[in-house]
Amino acid sequence: MADIRLIEIKEDILSDNKNLADEIRDMLRVHNVFMLNLMASPGGGKTSLIVNTIRRMKDTCRIGVIEGDIDSMVDAEKVVQEGIPAVQLKTGGFCHLDATMIKMALDEMDLKNLDLVIIENIGNLVCPAEFDTGAHKNAMILSVPEGDDKPLKYPLIFSVCDILVVNKIDYLGVADFDMSAMKERVITLNPGITIIEASCKTGEGIEKWTHWLADEMNAYQRAVT
Ligand code: MG
Ligand code: ZN
């Protein structure tokens, strides 16, 4: 009988990705650029949160955005309308962003004239959580209409994020959403996570989010290399 050769593709892909992500962090350190990876389901409010963040922070720091989309540029256009440089990654079917894609985007950006890069990952709660993008912090949005059971269904993404923004709290009372049960599920998975309740529509909670982001960015930029 012939030998069977086993190739563990997934493990290799993830370790190569991790090495490149570390190289990206080295490159960002040279320019003292802080990078945030924002993940959520489609329609969770990623672009709205980014636009709100730009409006509140663009006078105090220089922001650039990497937009991941399977096949459109509509979100990048919204960012550019705010006067912020954006790079669109059109993944042509890929359902997540990886370090190779982020490196290509960063190579198109003027890093020496930026303080903060925000990645809008592909709308998906599954595989974006598996790939280190080279970001310093990972953030996610869970919107109230999606339901309080998402931490049970997609535990990995809740485990890898530093902060969870519970968006669309203006839907509380309309949607059947148990906030305290949801938080308990998230904290069980990830005791160190920060959770902020917000609404991009009413503006509630957005300042808490931008304070968190500014604090993280400032801590990174003050740290001795
Ligand atoms: Mg979007
Ligand atoms: Zn994927």
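Refer to the structure presented above.
Rules behind the numbers
- In every chain, residue numbers begin from 1 and rise along the written sequence.
- All chains are assigned letters beginning with A, and all ligands numbers beginning with 1, in the order in which they are written.
- Two thresholds apply to this predicted model, a pLDDT of at least 70 for residue-level local features and 80 or more for giving and counting side-chain atom pairs, whereas whole-chain, interface and lining totals are computed over all residues.
- Hydrogens and water are ignored here; the side-chain numbers use all heavy atoms of the structure.
- To form a nonpolar core, buried Ala, Val, Leu, Ile, Met, Phe, Trp, Tyr and Cys residues must be joined to one another through side-chain atoms within 4.5 Å.
- A simple rule labels every residue: compare its accessible area, found with a 1.4 Å probe on the protein chains alone, to the largest value its type can have, and call it buried under 20%, exposed over 50%, or partly exposed in between.
- In this description a helix means any DSSP run of H or I spanning at least four residues, a strand means any run of E spanning at least two, and both kinds are numbered starting from the N terminus.
- The contact rule is simple, with two residues in contact once any of their heavy atoms fall within 4.5 Å.
- Counted as coordinating are nitrogen, oxygen and sulfur atoms within 2.8 Å of the metal, or 3.2 Å for Na, K and Ca, while water is not included, which may make sites look incomplete.
- What counts as a salt bridge is simple: a side-chain nitrogen of Lys or Arg found within 4 Å of a carboxyl oxygen of Asp or Glu.

A. Seen up close, the nonpolar core. If you look at the biggest cluster of nonpolar residues, it comprises 51 residues, and the most contacted ones within it are Leu-106 and Trp-209. When residues in this core are grouped by element, the largest group, seven residues, is from helix α8 (residues 206-222). Leave out the neighbours within four places in its chain, and Trp-209 touches Leu-36, Leu-49, Thr-53, Ala-139, Ile-163, Val-165 and Ile-196. Judged by nonpolar contacts, the second largest core, of 17 residues, contains Met-140, Val-166, Met-182 and Ile-193.

B. Local environment of the coordination of the magnesium ion (ligand 1). The protein atoms that coordinate the magnesium ion (ligand 1) are Thr-47 (OG1), Asp-75 (OD) and Glu-120 (OE), at distances of 2.1 to 2.2 Å. As a motif over one chain, the donors of the magnesium ion (ligand 1) read T-x27-D-x44-E. Taken together, the residues Thr-47 in helix α2 (residues 46-57) and Asp-75 in helix α3 (residues 74-81) connect sequence positions 28 residues apart. The class for Asp-75 is buried, based on a relative accessible area of 11%.

C. Examining the pattern of salt bridges more closely. Evaluated as defined, the whole model comprises 15 salt bridges. The partner of Asp-148 in a salt bridge is Arg-185, with the nearest N and O atoms 3.1 Å apart. One end of the pair, Asp-148, is in the loop between β5 (137-143) and α5 (150-153); the other, Arg-185, is in helix α7 (residues 179-189), and 37 residues separate them in sequence. Residue class for Arg-185 comes out partly exposed when judged on its relative accessible area of 26%. Between Glu-197 and Lys-183 there is a salt bridge; the shortest N-O distance is 2.6 Å. Taken together, the residues span a long stretch of sequence, with Glu-197 in strand β7 (residues 194-197) and Lys-183 in helix α7 at a distance of 14 residues. By sharing partners, the salt bridges in this structure join Lys-18, Asp-22, Arg-25 and Asp-132 into a single network.

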